[in-house]
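# Close look at the chain arrangement
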Amino acid sequence: MPPKESVLVVDDTEEDREFVSGVIRQDGFNVEVASSGSKACDLLAAKPYDLVLTDLVMPGATGFDVMRQAHQTNPEAICIAMTSFGSLDGALDALKLGAYNYLLKPCDANTLRNTVERGLEKQRLTKELRQRNEALDKLNRELDKRVQDAVAELQALNQRILTEMASLREVDELKSSFLNNVTHDLRSPLTTIKGYMCFVLESDGLTAQQRDHLEKARTSVQHMEYLVSQLV
């Protein structure tokens, strides 16, 4: 179970100060008291408080000074102004200054408890929202980094593919050049051999067996020409 919030009660009237602090202590909160606005400001300058209940009209530093110091130390601090019915205008000024609410003195214990609890619940929700926003911002930064890393990897892969494709095109061009040279070098002697065979076959004086051998040789030459033509 998380610890209870810290509360500062500020009032120069001992009776009011003891009443308010006593009621809040009964609910398990960590309560400190200050008998003047100046002492309260010193306490607030030293450490933050979650909630500050302060009388508005005090000699020296007023409740307005206390609220300013409270918000300076802890922007999420809940400030509740306490004032008499005759100083209601001061309570409205406190709301303009950033007070969460005000209590008219004397107030009953239930009203005090309800006001304190509502104020702290508002603070809890504000803290939770801030924490969730911070977590969301962190997640967004992580996602942005992952996307940037993925884009960088894709760009590197794309460059690698382009480089390999260029190498493959170079290899393909070398292969085509080699085959063109080979087919040219092979066609010339094959054409010569085929021409001589045709010339011999058209001459007289060949035996049937010789003519048969020459025909087979010419067929082989023609097949070789076909094979050479398939290389390109």
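Placed above this text is the structure.
Note that the structure is a prediction, hence the values are computed from the model and not measured.

### A short note on the overall build of the protein
Within the protein, the regular secondary structure consists of six helices and five strands. Reading the helices (α) and strands (β) of the protein from amino to carboxyl end gives β-α-β-α-β-α-β-α-β-α-α. In terms of overall dimensions, the protein has C-alpha extents of about 150 × 30 × 30 Å along its principal axes. Here the protein holds 232 residues, and the buried ones make up 27% of them. As displayed, the protein offers around 15,100 Å² of accessible surface, 56% of which is attributable to carbon and sulfur atoms.

### What about the pattern of salt bridges?
Counting across every chain of the model gives 15 salt bridges. A salt bridge links Arg68 to Asp65; the shortest N-O distance between them is 3.2 Å. Placement of the pair is Arg68 and Asp65 together in helix α3 (residues 63–73), with a separation of three residues, close to one helical turn. A relative accessible area of 48% means that Arg68 is categorised as partly exposed. The salt bridge partner of Glu76 is Arg130, with a shortest N-O separation of 2.5 Å. Linking Glu76 in the loop between α3 and β4 (78–84) with Arg130 in helix α5 (residues 109–201), this pair joins segments that are 54 residues apart in sequence. Owing to a relative accessible area of 32%, Arg130 belongs among the partly exposed residues under this scheme.

### So, the nonpolar core
In terms of nonpolar packing, the biggest core is built from 18 residues, with Leu8, Val10, Leu44, Val52 and Val66 touching the most fellow members. Elements supplying a minimum of two residues to this core: β1 (6–10), α2 (37–46), α3 and β4. What Leu44 contacts, discounting residues up to four positions off in sequence, is Leu8, Tyr49, Val52, Val66, Gln69, Ala70 and Thr73. The next biggest cluster of nonpolar side chains, apart from the first, holds 17 residues, and it includes Val9, Val20, Val31 and Val116.

Thresholds, definitions, all that
- What you see as residue numbers is a count from 1 along each chain, following the sequence as written.
- For this predicted model, a pLDDT threshold of at least 70 governs which residues receive local features, and a threshold of 80 or more governs which side-chain atom pairs are given and counted, while totals over whole chains, interfaces and linings are taken from all residues.
- Excluding hydrogens and water, the side-chain figures rest on all heavy atoms present in the structure.
- Only DSSP runs of H or I with at least four residues qualify as helices, and only runs of E with at least two residues qualify as strands; both kinds are numbered from the N terminus onward.
- Only protein chains enter the accessibility calculation, which uses a 1.4 Å probe; a residue whose area is less than 20% of its type maximum is buried, one above 50% is exposed, and one in between is partly exposed.
- Shrake-Rupley sampling with a 1.4 Å probe provides the accessible areas, and residues are treated as covered by the protein chains on show and by no other component.
- The term salt bridge refers to a side-chain nitrogen of Lys or Arg lying within 4 Å of a carboxyl oxygen of Asp or Glu.
- Put simply, a nonpolar core is a bunch of buried Ala, Val, Leu, Ile, Met, Phe, Trp, Tyr and Cys residues held in one set by side-chain atoms that sit within 4.5 Å of each other.
- Two residues form a contact once any of their heavy atoms are found within 4.5 Å.

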